[in-house]
Amino acid sequence: MHTLYLGPSWAVQSFESPGGEHDPVKTYLAQELGLTDYTSLALYANNNFDQLTLAQKFIQQHPELAPFRIVFVSANSLSYGYKIFNMSQVEFAKMFLTSNDPLDLVQSLEQKFYQHLNQLGVPVALIGAHTDVTCKSHDDITVIHPSWQNFLAKKCGLNSVYGWAADVAHGWLQGIVIPKVGQPEKFDLGRNPSPAVVDEIHKIIFDTWMEIEKHKLFRSCHPNILGNQLFAKEIADPFNNWIDNAV
């Protein structure tokens, strides 16, 4: 059985500096877990649906490697929301920033992702990372751990939160959307963002990620080497059990 390793920058590498590109020493979750005989499709700045599309294409183009299974380090579905709602990126960003229940919107997008992921019809090990996993029961999806963010937060004595891609929304809060191609686009919201959005962004970036960074387990918006190593040890048993039994 051939394994596909999917995810965003959280899956690609550890971060000892904000950008990570010049870090002299790096690791990544698959390496720390001892994963072998796999193809990595993980890419920086990819959302969940980007990665899902890459997996679908790879499976279609390489039938000789079948059967497949997937290790999916969760990205986010928020930055794909404009396509689901059939809006421009700016329109969707404005809708999100003025929402009175932003986490409900985030979680509804994630549920759509889980449904699409399950439709691949292959075993999936899902690991909560850039966005926490709140997966409803699906036949082919096994949740290895719901929240890398909360695992690290607990190590630091912090309260549990719903971890999500607040850095994406923080960019919108500054009036910037990042298209797939071309330069960042600036926009004016034209009104104040909802207090709920501001509160939820602050809760993740300032109250959680920055605090984890102070405990030397995180850098900017990613786990560092130690953050990868500790989490790999935490999930080793359920992950290896899935590896041994996923058929």
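Just so it is clear, the model here is predicted, and its values are computed rather than measured.

(A) Spotlight on the overall build of the protein. Scanning the protein for helices and strands turns up ten helices and nine strands. Relative to a compact globule of 247 residues, whose C-alpha radius of gyration would be 18 Å, the protein shows 18 Å and is just as compact. By its C-alpha atoms, the protein is 55 × 40 × 35 Å across when sized along the principal axes. Here the protein holds 247 residues, and 51% of them are scored as buried. Within the protein, counting contacts between residues at least 6 apart in sequence, those at least 24 apart form 70% of the total. Between the averaged position of the 17 positive side-chain charges in the protein and that of its 25 negative side-chain charges there is a distance of 3 Å.

(B) Just the pattern of salt bridges, in detail. Counted according to the given criterion, the structure contains five salt bridges. Measuring nitrogen to oxygen at the nearest pair gives 3.4 Å for the salt bridge that ties Glu200 to Lys203. One end of the pair is Glu200 and the other is Lys203, both in helix H9 (residues 195–214) and three residues apart, which spans about a single turn. Salt-bridge contacts for Arg219 lead to Glu213; the nearest nitrogen and oxygen are separated by 2.8 Å. Where salt bridges share partners, they join Asp199, Glu200 and Lys203 into one cluster.

(C) Looking closely at the packing of aromatic side chains. Under the definition given, this model contains 17 aromatic pairs. Ring plane angle 75 degrees and centroid distance 5.3 Å describe the contact between Trp10 and Trp148, whose orientation is recorded as edge-to-face. Taken together, the residues span a long stretch of sequence, with Trp10 in helix H1 (residues 9–12) and Trp148 in helix H7 (residues 148–155) at a distance of 138 residues. Pair check on accessibility: Trp10 and Trp148 agree, each one buried. Clustering of aromatic rings is evident, with ring pairs tying together Trp10, Trp148, Phe151, Trp209, Phe218 and Phe231.

(D) Spatial organisation of the pairing of strand E1 (residues 2–6). Counting buried positions along E1 yields five of five residues, so the element is predominantly enclosed. Pairing between E1 and strand E3 (residues 68–73): five bridges, direction parallel. Across the sheet, Tyr5 pairs through a bridge with Val71, a residue of E3. Looking at chain direction, E1 and strand E2 (residues 38–40) are connected through three bridges and run parallel. Paired with Tyr5 across the strands is Ser40, a residue of E2.

(E) The arrangement of the sheet that holds E1 in detail. The sheet built from five strands is open, its strands ordered E2-E1-E3-E4-E5 with parallel pairing. Both edges of this open sheet fall to E2 and strand E5 (141–145), since each of them pairs with a single strand only. Here the average twist between neighbouring strands, direction ignored, is 20 degrees. Docked against the sheet, helix H6 (residues 102–118) engages E3, strand E4 (124–127) and E5, running at close to 160 degrees with respect to E4. Helix H10 (residues 225–245) rests against E3, E4 and E5 of the sheet, and its axis sits at about 155 degrees to E5.

Rules used throughout
- For every chain, the first residue of its written sequence is number 1, and the numbers climb from 1 along that sequence.
- Local features in a predicted model are, by the rule used here, given only for residues with pLDDT of at least 70; side-chain atom pairs are given and counted only at 80 or more, and totals for whole chains, interfaces and linings are based on all residues.
- Each side-chain value is worked out from all heavy atoms of the structure, with water and hydrogens disregarded.
- Going along the chain from the N terminus, every DSSP run of H or I of four or more residues is numbered as a helix, and every run of E of two or more is numbered as a strand.
- Our radius of gyration looks at C-alpha atoms and nothing else; its globule reference is 2.2 Å times the residue count to the power 0.38.
- Here's how the labels work: a residue is buried when its accessible area is under 20% of the maximum for its type, exposed when over 50%, partly exposed in between, all with a 1.4 Å probe on protein chains only.
- Any pair of residues with heavy atoms lying within 4.5 Å of one another is described as a contacting pair.
- When charges are tallied, Lys and Arg are placed among the positive residues and Asp and Glu among the negative ones, while His and the ends of the chain are skipped.
- Lys charges are placed at NZ, Arg charges at CZ, Asp charges at CG and Glu charges at CD.
- By definition, a salt bridge exists where a carboxyl oxygen of Asp or Glu is found within 4 Å of a side-chain nitrogen of Lys or Arg.
- Classification of ring pairs uses Phe, Tyr and Trp, with its six-membered ring standing for Trp, and accepts pairs whose centres are within 6.5 Å; under 30 degrees between planes counts as stacked, over 60 as edge-to-face, and the remaining range as tilted.
- Only strands that DSSP links by at least two bridges are regarded as paired with each other.
- Note on geometry: axes are lines fitted to C-alpha atoms, helical ones only across the stretch in contact, with angles between N-to-C directions running from 0 to 180 degrees.

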